[in-house]
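Coordinate inspection notes
Listed here are the chains, written in short residue letters.
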Amino acid sequence: TLALIAAGLLAGFLPAAGNAGPPVDPPALRQERPPVHGEKCPAKCPACTEAIGKALDFLASRQTKEGCIPAQNPGLQYVKTDRNVTHVMTTALAGLAFLASGSTQATGLYRNQVALARRFLQESADEILKTSPRRAGGGGGPIYSAALCLQFFTHLHEKEKDADSRRTVQALVAYLVNCVGEKVGTSVWKKGADDGTVWYISGVTALLNSTILALARARAAGFDVPEGVWKLAQDYYAKYFE
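Residues numbered from 1 in each chain as written. Predicted model: local features only at pLDDT ≥ 70, side-chain atom pairs only at ≥ 80, totals over all residues. Heavy atoms only, no water.

To continue, consider the overall build of the protein chain. Counting its secondary structure elements, the protein chain contains 10 helices and zero strands. If you list the helices and strands of the protein chain from N to C, you get α-α-α-α-α-α-α-α-α-α. Put simply, the protein chain has 242 residues, and 43% of those count as buried. When contacts within the protein chain are restricted to residue pairs at least 6 apart in sequence, those whose partners lie at least 24 apart make up 69%. For the protein chain, the exposed area adds up to about 13100 Å²; of that, 55% sits on carbon and sulfur atoms. (Helix = DSSP H or I, 4+ residues; strand = E, 2+ residues; numbered from the N terminus. Buried < 20%, exposed > 50% of the residue type's maximum accessible area, 1.4 Å probe, protein only. Contact = heavy atoms within 4.5 Å. Areas by Shrake-Rupley, 256 points an atom, 1.4 Å probe, with all protein chains shown as cover.)

Here it is in structure tokens:
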């Protein structure tokens, strides 16, 4: 499930609570031990349900009063702000996990966590939207953050259908489409080239992947995404992997 995936991704960003746990058995011992459950895991597998619950509780325990679920290594920063890129990413991923568990801002075990994450991510999205990606620096960090914020607000809007989330999704879609290029329909993803867009950095493919995944999710939820975006992505992948 999305909750388990998001919680798993966060494991590399968030500090562990307490001790690191018991030592890992040598490979030989691990191979002798039967699996917790087989490949055909039931929809409501007790082992998975317990693991997801523990992961969600851990994420909830890390959330600050501002709504942020902080990363262990903040890393890159936006220009002239103390808003850490990785903090936005980890909070968005955790927010997606809370939403996937069935919670909204009004219902569910993690409703308070969803509401707090929404407030933090709304402030972060507003900050991103005011900053040109060409001047933001941080190796494309604001684009990663915008893409994850878009995923969060898209899921939130699907659950709550509120006007504020809709406006935020529309604004983030426009921002990411603008990151794709000055003119949709003209490819700007040229290997090793910089034509004035943000796509000159080394992480171009990872940035494109996160952008396209977020835009595709918004489109599936009924939001308008220009057709030219998909053509640009197809052209880039075809040329890059020749």
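Once that is clear, we can look at the environment of L121. Within the element layout of this structure, L121 appears in helix 5 (residues 111–129). Exposure remark for L121: the relative accessible area of 0% places this residue in the buried category. Distance from L121 to A146, taken between C-alpha atoms, is 9.6 Å for residues 25 residues apart in sequence. Contacts of L121, omitting those with residues within four sequence positions, involve V88, T91, A92, C149, F152 and F153.

Turning to the packing of aromatic side chains, a few remarks are in order. Here the structure, examined in full by the defined rule, presents two aromatic pairs. With a centroid separation of 5.2 Å and 85 degrees between ring planes, the pair formed by F152 and F153 is classed as edge-to-face. For the pair F152 and F153, one class covers both residues: buried. (Phe/Tyr/Trp six-rings, centres within 6.5 Å; stacked < 30°, edge-to-face > 60°.)

The subject of this paragraph is the environment of T90. Structurally, T90 can be placed in helix 4 (residues 85–100). Exposure remark for T90: the relative accessible area of 1% places this residue in the buried category. For T90 and L148, which are 58 residues apart along the polypeptide, the C-alpha to C-alpha distance reads 9.1 Å.

Here the focus is unusual backbone geometry. A positive phi is found at K161, a non-glycine position, where the angle reads about 55 degrees. We classify K161 as exposed; its relative accessible area is 57%.

Right, let's get into the pattern of salt bridges. Applying the stated criterion across every chain, the model contains five salt bridges. Its salt-bridge partner being E227, residue R219 comes within 2.3 Å of it at the nearest N-O pair. When its relative accessible area of 53% is taken as the criterion, E227 is described as exposed. (Salt bridge = Lys/Arg side-chain N within 4 Å of Asp/Glu carboxyl O.)

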